[in-house]
Each structure stands twice: as C-alpha cells, then as structure tokens.
Amino acid sequence: MEPDRPRYVIDRPAYNLPDFDREFDKKSRQFLVGEKVKKLFRCSVPRLRGLLSRHLPVLSWLPKYKAKDNLLCDVISGVSAGTIQVPQGMAFALLANLPPVNGLYSSFFPLIPYFFMGTAHQMVPGTFAVLSIMVGIVCVRLAPETDFGHFNDTLNATVVDTARMNDVRMGISGTLACLTAIIQIGLGFMQFGFVAIYLSESFIRGFMTAAGLQILISVLKYIFGIKVPPYSGPLAVVYTLVDIIRGLPDTNIASLVFALVSGVILIVVKELSARYHHRLPFPIPMEIIIVVVATAISGPLNLPKIYNMDIVGEIPLGFPAPILPSVSQWEVMLSTAFSLAVVGYVINLAMGRTLAAKHGYDVDPNQEMLALGCSNFLGSFFMIHVICCALSVTLAVDSAGGTSQFASLCVMLVVMVTMLALGAYLKPLPKSVLGALIAVNLKNTLLQLSDPYFLWKKSKLDCSVWVVSFLATFFLSLPYGVAIGVGFSILVVIFKTQFRNGSTMVQIMETNIYKNPKVYSKGISTTGVKIVNYCSPLYFANAEIFRQRVIKKTGLDPGKLILARRKFLEKEQREKVKEEKKDKETRRRKPSSLVIMKAQTISQLELQNDFDMNDGSANKPEPPTSYVNFYYGDTGLGEQVPGQEPPSPPAVKLEFQPVPFHTLILDLAGVCFIDLMGIKVLIKMNLSYTKLGIRLYLANVQAQVYEELEAGGAFEDGNISRSNLFPSVHDAILFAQHTSGERPASLNVEGERQELAFNINEKDLEQEMF
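Residues numbered from 1 in each chain as written. Predicted model: local features only at pLDDT ≥ 70, side-chain atom pairs only at ≥ 80, totals over all residues. Heavy atoms only, no water.

Focus on the overall build of the protein chain
Just so we agree on the cut-off: Helix and strand definitions follow DSSP, with helices as H or I runs of at least four residues and strands as E runs of at least two, each counted in order from the N terminus. Any two residues whose heavy atoms approach within 4.5 Å are treated as being in contact. Computed by Shrake-Rupley with a 1.4 Å probe, the accessible areas treat only the displayed protein chains as cover when residues are assessed.
Scanning the protein chain from terminus to terminus reveals 31 helices and 15 strands. At a minimum sequence separation of 6, the contacts of the protein chain that also span at least 24 residues come to 83%. Total accessible area on the protein chain is roughly 41,300 Å²; 61% of this is exposed by carbon and sulfur atoms.

A closer look at the packing of helix H12 (residues 253-275) against helix H13 (residues 286-298)
The criterion, for reference: Axis geometry follows a simple rule: fit a line to the C-alpha atoms, using only the stretch in contact for helices, then measure angles between N-to-C directions, giving values from 0 to 180 degrees. Here roughly perpendicular refers to angles of 65 to 115 degrees, roughly parallel to angles under 35, roughly antiparallel to angles over 145, and oblique to all remaining angles. Should the near helix be turned anticlockwise from the far one by less than a right angle, the crossing is left-handed, and should it be turned clockwise, the crossing is right-handed. Under the convention adopted here, Pro, Cys and the residues Ala, Val, Leu, Ile, Met, Phe, Trp and Tyr are nonpolar, Asp, Glu, Lys and Arg are charged, and Gly plus all remaining residues are polar.
At a minimum axis distance of 10 Å, the contact between H12 and H13 shows a crossing angle of 155°. Our classification of the angle between H12 and H13 gives roughly antiparallel. Classified by chirality, the crossing of H13 by H12 is right-handed. Judged by residue contacts, Phe258, Ser262, Ile265, Leu266, Val269 and Lys270 of H12 engage Met286, Glu287, Ile290, Ala294, Ile297 and Ser298 from H13. Of the residues in the contact of H12 with H13, the class split is eight nonpolar, two polar and two charged.

Quick look at the sheet that holds strand E7 (residues 514-515)
So the rule is basically this: Pairing between strands is defined by DSSP: at least two bridges between them are needed.
Spatial strand order, E7-E6-E8: three strands in an open sheet with antiparallel pairing. Edge strands, defined here as strands with exactly one partner in the open sheet, are E7 and strand E8 (523-524). Both strand E6 (residues 506-508) and E7 contribute to a ladder of two bridges, which runs antiparallel. Bridge assignment links Gln507 to a residue of E7, and that residue is Tyr514.

A short note on the confidence of the model for the protein chain
Put simply, the rule reads: Residue-level confidence of the predictor is what pLDDT reports, using numbers from 0 through 100.
Mean pLDDT over the protein chain stands at 81; residues scoring 70 or higher make up 84%. Across residues 592-601 the pLDDT falls below 50, and counting only partners more than four positions away or on other chains, this stretch makes 16 contacts in the model. Within the model, the stretch residues 754-770 combines pLDDT values under 50 with twelve contacts to residues more than four positions away or in other chains.

Re the environment of Phe116
Going by this rule: We call a residue buried when its accessible area falls under 20% of the maximum for its residue type, exposed when it is over 50%, and partly exposed in between, using a 1.4 Å probe and counting protein chains only.
Positionally, Phe116 belongs in helix H7 (residues 111-117). Here Phe116 falls in the partly exposed class, since its relative accessible area comes to 40%. It is 5.1 Å that separates the C-alpha atoms of Phe116 and Val58, two residues lying 58 residues apart in sequence. Sequence-distant contacts of Phe116, that is, excluding residues within four places in its chain, are made with Leu56, Pro57 and Val58.

Considerations on a nonpolar patch on the surface
Operational definition: Patches in this entry comprise residues that are over 30% relatively accessible and not in a salt bridge; like charges within 9 Å are linked, as are nonpolar side chains (Val, Leu, Ile, Met, Phe, Trp, Tyr) within 5 Å. One side-chain nitrogen of Lys or Arg within 4 Å of one carboxyl oxygen of Asp or Glu is enough to make a salt bridge.
Where nonpolar side chains cluster on the molecular surface, the patch consists of Leu48, Leu51, Leu52, Leu56, Leu59, Ile112 and Phe116 and spans about 590 Å² of accessible area. Going through the elements one at a time, helix H3 (45-55) and H7 are the ones with two or more residues in the nonpolar patch. For the nonpolar patch, the element with the highest residue contribution is H3, accounting for three residues. Of note, Leu59 is situated in helix H4 (residues 58-61). Given a relative accessible area of 48%, Leu59 falls into the partly exposed group.

Topic: the packing of helix H10 (residues 201-224) against helix H22 (residues 460-476)
Between H10 and H22, whose axes approach to 7 Å, the crossing angle comes to 30°. Taken together, the axes of H10 and H22 lie roughly parallel to each other. Note on packing geometry: the crossing formed by H10 with H22 is right-handed. On H22, the residues that touch Ser202, Phe203, Arg205, Gly206, Phe207, Thr209, Ala210, Ala211, Leu213, Gln214 and Ile217 of H10 are Asp462, Val465, Trp466, Ser469, Phe470, Thr473 and Phe474. Counted by class, the contact of H10 with H22 contains ten nonpolar, six polar and two charged residues.

Details of the side chain of Ser273
Mapped onto the fold, Ser273 is located in helix H12. Under the relative-accessibility criterion, Ser273 is labelled buried at 17%. Here Ser273 is in contact with Leu280 and Ile284, once residues within four sequence places are set aside.

A few points about the pattern of salt bridges
Counted according to the given criterion, the structure contains 13 salt bridges. Measuring nitrogen to oxygen at the nearest pair gives 2.6 Å for the salt bridge that ties Asp451 to Arg205. Of the two residues, Asp451 is situated in helix H21 (residues 451-458) and Arg205 in helix H10; the sequence distance between them amounts to 246 residues. Residue classification places Arg205 among the partly exposed positions, given a relative accessible area of 29%.

A few points about the packing of aromatic side chains
Any aromatic ring pair is given by two values, namely how distant the centres are and how the planes are angled relative to each other. The condition that has to hold: When the centres of two rings from Phe, Tyr and Trp lie within 6.5 Å, Trp using its six-membered ring, the rings pair. Their planes under 30 degrees apart give stacked, over 60 give edge-to-face, and anything left gives tilted.
What the rule picks out here adds up to 27 aromatic pairs. With 5.8 Å between their ring centres and 90° between their planes, Trp61 and Phe406 make a pair best called edge-to-face. You can see Trp61 sitting in helix H4 and its partner Phe406 sitting in helix H18 (residues 406-420), a full 345 residues away along the chain. The burial state of Trp61 is the same as that of Phe406; both residues are buried. Ring centres of Phe377 and Phe381 lie 5.2 Å apart, and the angle between their planes is 90°; this geometry places the pair in the edge-to-face category. Residue Phe377 is classed as partly exposed on the basis of its relative accessible area, which comes to 32%. A residue is classified by how much of its surface remains accessible, and Phe381, at 21% relative accessible area, is partly exposed.

Focus: the environment of Arg47
Counting through the fold element by element, Arg47 comes out in helix H3. Beyond its immediate stretch of four places on either side in the chain, Arg47 contacts Lys39, Leu40 and Arg42.

Looking at the nonpolar core
To keep it simple, the criterion reads: Among buried residues, those of type Ala, Val, Leu, Ile, Met, Phe, Trp, Tyr and Cys that are joined through side-chain atoms within 4.5 Å constitute a nonpolar core.
One finds Met90, Val130 and Phe207 to be the most contacted residues of the largest nonpolar core, which totals 127 residues. Counting residues per element, this core draws most heavily on helix H15 (residues 330-359), which supplies 13 residues. When sequence neighbours within four positions are dropped, the list of residues in contact with Phe207 reads Val130, Met134, Val343, Ser469, Thr473, Leu478 and Val482.

As for the pairing of strand E9 (residues 529-533)
In this structure, strand E5 (residues 503-504) lies alongside E9, joined through two bridges in antiparallel fashion. When the sheet's bridge partners are listed, Ser503 is paired in E9 with Asn533. For E9 and strand E13 (residues 663-667), the ladder comprises five bridges, and the chain directions are parallel. Pairing of Val529 across the sheet is with Thr663, part of E13.

Some remarks on unusual backbone geometry
Unlike most non-glycine residues, Met383 shows phi in positive territory, near 60°. With respect to the helices and strands, Met383 occurs in the loop between helix H16 (365-380) and strand E4 (388-389). The exposure class assigned to Met383 is buried, which follows from its relative accessible area of 15%.

A look at the pairing of E13
The element E13 is extensively covered by neighbouring structure, given that five of its five residues are classed as buried. Residues Thr663, Ile665 and Asp667 line one face of E13 and the alternating positions Leu664 and Leu666 line the opposite face, and both faces are buried. Looking at chain direction, E13 and strand E14 (residues 695-699) are connected through five bridges and run parallel. Within E14, the position partnered with Leu666 by the bridge is Leu698.

Have a look at this one:
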C-alpha cells in the first residue's frame, strides 16, 4: 500500500517570460558603480568601529571573555600544548636545514600578531613540516654547504664553518618569510581569500602525502646517524634515498637506539591517549617528556662524545637581534614564496574552519590571510622560517578545553622560558630523537597513501588529481608539485564543464515533470516537440560542443539541410541561366537534360548526409524523414505534338514536406553562466532552425543568465525573441502545442530563390564569424 502523499493542483495560464515579468511586476535591479564607490569610501564612526573590529578581532572577543569560566582551561591547555611546541619547533627547524633555535624563534614571534588579528580562537601558529621542507630547499640552494668549506691543514681535511653557514641560512629564511608575508598581506587586502577554492581536497591530500614521504626520507639521516649531502630540485628525494641506502652500513647504533626507543614509546602513549582521551583532563605532553629524559641520559653519561652522535648543540639564550631582509634575493625566491603563501594559508584556513564548525563561530578567510601575513612579517625580522597552523599544538589546545587566544599566549610563554633559560640544558639532546618525533607525527599523513583506492571507486577524475599531485610533488619537488597540481585541478574542472553530455527529455505520464527517457520508462513524447537539457555553463570552451550535442540528440542538423537546399537552389538558378542563353542562340534545340529527368524524391536526411564529413554509425536511430520533391509537367518527351516547338523546360518546383519536429525546447536550468561565444551559438542556432520552420524555445533561464543574454545582444535585431523564453519547460510545451499550426514566413522558398538570384556566392567567412 502506497503511503499517502500530499497533492497539489494548480490552475494557471501558461506564461512566456515577458508575460510573466509583466504580470508579476518584475523589479529592475541596477548596480551603479558610482554608488558602490561612494559606499566603499564612506567614512563614519560605525564604519570605523566595524573596520577596527574586523581587522583586530581581539576588540570583539576580549570584552566578552569570561575569565572565571575559561581562564583556567586556557592556561592548562596552553601550557600543555607549549611543551609540544618546543620540541616540535626544534625538530622542524632541522627539516628546514636550520639550527634548532630557529624553531623556537618561529614558535614565539608569530604568535604575537595572531593574538590580536586571528579569527580562529583555538589556533596556535607555529612550524609545519611541509612548509619547513620547502624552506629548507631554498636554504640549501642559495647557501650550499660547499660554500662554507675550507681546508684544515692540521686535520688534513675539508672542514665546514657550521656557525657561519647557519647564520647565512637563517638570514635567507627571514628574507623568504618577509616576501611570503608581503604576498599574503597583499592577497588579504585585495580580498583574495577565495584563492583557496582553487586547491581541491584531492590535490591537498596528494600534495601532503608526497610531502610527508619526503619529510620521512629527509629525517632518516638523523635516525640512522649518517651523513648525506643535501640535494634540491627535481628527483632530489630519489638521490637522497639512494645515498641513505648506500650509507646504511655506516649507521650510528647509538643514534638508532635512541630513535627507536623514543619512537616506540611515543607511538604507544599516543595510541593509549587517543583511546582513553575522554578520561584524561588534558593530553599527555609525551614529546617534552621524551626530550627531557633523552637529554638527561645523553648528557651526564657523555654518550654523544663516546658514540660520536649528532646532537642539537649550543642554543643561544635570549632574544635575537632584529635584522633587515635581503631584498636582492627576492627575485630567486618569488615562485617558492608564492607557493608557501598559498599552501600555508590553505592549511591555516582548513584547520580554522574545522575549529569554527566545532565551536560555533565564523572564520573570516581574508582576515586569516592578513593575520598569517602579519605573523610572518613580524617574525621575518627575527629570522623565523615561514609558519602556519601548528597542527599538533592546535589539536592539543582544543582537546584540553582551550577557548580563546589566551591559550596561544600561554604557549608563547612556555617557548619564551625555553629561549631565555632552559635552552642551555638541551645541548646534549641527540638529533635522532627529534627525527623520531617527526617520523611518528607523520602517521596520519602517510595513512593517506590509501586514498587512491577509495577515490577510484567514487570519482576517477578526483583520483587522477590525487595521483598527478602526488607524483609531481614527490619527484619534481614541492613548488613544482603545487603548480602542476593546481593546473591539473583546473583542467579537470574545464574537462567536466566542457564534455557534459546533456539528454533529451519527455513528459512523465500526466505531470509537468520532464525527465530523461533512458532513466524513466513511463515517459510520453510530445508530438512535434524535442526537449534537450544541458547541465553546464555555456562558454567558449564548450559552445560548439553544446551545438553538436543538440544536433545529436534531435537527429537533425539544420546547417547541413540549409546548405543542401541552397545548393539545389543554386543549381536551379544556373540551369535557368543556361536555358535563357540557349533560347537566344536558337529557338529549336534539344530538350534539356533537366527535362528528361523523371520525377524524383530526395530525402532531406540524404541531403544532410551528403554534407556530413563523418561516417554515420549504423546504430544511430533514423529520425522522421521529410522530402524535397522535384517534379515537372505531365507531358514528356515522347508526348510532343508534331509540328510544335518543344515546350520550354518547366520551372523546377520545390515542395518541402514537414520537418521531423516544429519546436525545439532547450532546458537551460543547469546553465549558470553564458559568455559571448555561447550567446553567438544560441543566435546562430535560432537563425538556422527558424529557416527550417522550427521554433527554438529557451526554458528555465536563470536570472543572471538572462541578464548576460540581454547584455550580450541576444535580443537585439530580432536575434532571439523574448517571447521565446519561458519560466518552465511545461509552459514552453503548452505554447508549442498552441502555435503548432502556424508556419514562419521565413520558410518561403521563392524568397530564398530571389535572394540567391542576386547573391549565389557564399558569404565571406570572416563576415559570417563576426
């Protein structure tokens, strides 16, 4: 038994669009540029207050902050997250080929501007592995280790001046951060926060997975304690991996043991914390515990000297002196800086939106771009490397109950204490421990290697975006991966819009619903009417494809039929001219070969196929056939009366039988915009179908598309009549049935004969196009 469904019965007249607009009083919407400019530059106290609260969100949330309810949670979550920020920052500095103290600077200075300008309440800016490795590529390229080597006569070997190399690379890092910040601030002021939409999720996941693999390969040298020369550019990761494999016999056993023990302990504690997180008041800061324990074991036992382990070394205490960026290096950094600006912003915005959705507030994309840019800009004078959201730290703040930027302020205080006092005690910390921390934190990223298996089932195009982004990033380096991944993502979008198939539509029983007959079996075709829908924007890339789709779905090519008819009319004109010349030469002549032609009937479909350059498929359904009929007088050659002159050849008369359909309805409900090329194709189609006596109706035209048609001149000079536009397919069907007996005047063949008598030659191609 079918469930009771609500029913509706509507009795109304059928409307075309002009009648509908007139009856229901359509409003005229005008967007004056002058008014927009005046509104943009209008100055008032409320506008100034709104501008300040927008660019300094702290003015909005700080007066409403409930210290009694939230301050304790913010302090606890901030301190616990700060113990993660310190070792993570030092570890990611190694990825950037910078000294560990750079990670502390990058975890402190950027938090100051973000406290005032950030719109994500639980966000903590800091180092991020992908950005760190991108910065490291630039540092190695502009300051290679070979530039700082000198021959030591005492040791009889080449020695690298590590201190000077670190100073130069930190200057390069600050310069790159400054350029990246300027790009982000510029994009923020130009309201370019929407640039993130061009980075699809498939691209981001493929890019991040490849970057995670590169990071894992990069830290293997610290875990195994072997020396590997740095590489940059395409295939750098392959060369690094080959050198690591070759260097495995020289593995430092002590470094490997420290890394394995640290990694196993961290994995076990993280898994237990994830399972019992609802019972823990705040996350266990296992990273800082491992760092403290490893330092306590390594230092007093003098293990680095005994086993020749690579250690963190001296960490200068206090704040660094500010420096000015080297503007002369910006030219060689520009492409990488732009990639860093966009990728860092996308990661920041993705995490910000996740937090906002969870806690019920909004994130301003353009303000986030400005806040991130200002954070990088301030930090660039203190030799940071480019930062964005510190993922692990932010998640720690959120899981511990942090509610505001006071939590990030507490993170900043923990980092500051380390910089001012505790850093000196971290000198004997083995770098293999930091490498193990990085490798364990890559677990979720590396699990995304299974993405293609699931994407292939859901969307093969998205899967191809993932694969292309992954391969380009992994083998060609991160900046190339960004460019190729974004470019391929845009090509996929163009491909999707360009090759939409469209479908014919029929009425579903006795309803006003029209669907594809291949999907629904209970459909009724309307006699003499073809309905075609198209679900894609109509623009230069697919306008001609759209026209071909309509021809394929209707089975009728108006251009070829018009050309066929024109050819026969031209032949008729030429034969008439020849006969007139022969009449002047002699009054008696042999009957024209045209006269002895027997009556013949030529199908318009055959004429269409004569001009079809492509071989038709045998499986194509044959459309209804109409005919061009050439016939002559009843008196043939054998019936000529003796003594009389042979009669003049009778005029060839063309009689057109009805075409397969009298109305074509295009359902444009899925067309969200149309450009001039699309408008031109619609005008050309309307002209062609009108010459054959077929009306072209447009249904479900969106308001914005209607405005674009009007602005593009579609309704000027009688191109497309406004009365041929309808608010629904059913309205168009009713009008088509009501006017099916009328025949357009343009079907007059005699008029076409007269036109061809003056102009037989075809129009100039350029004139036809433009």
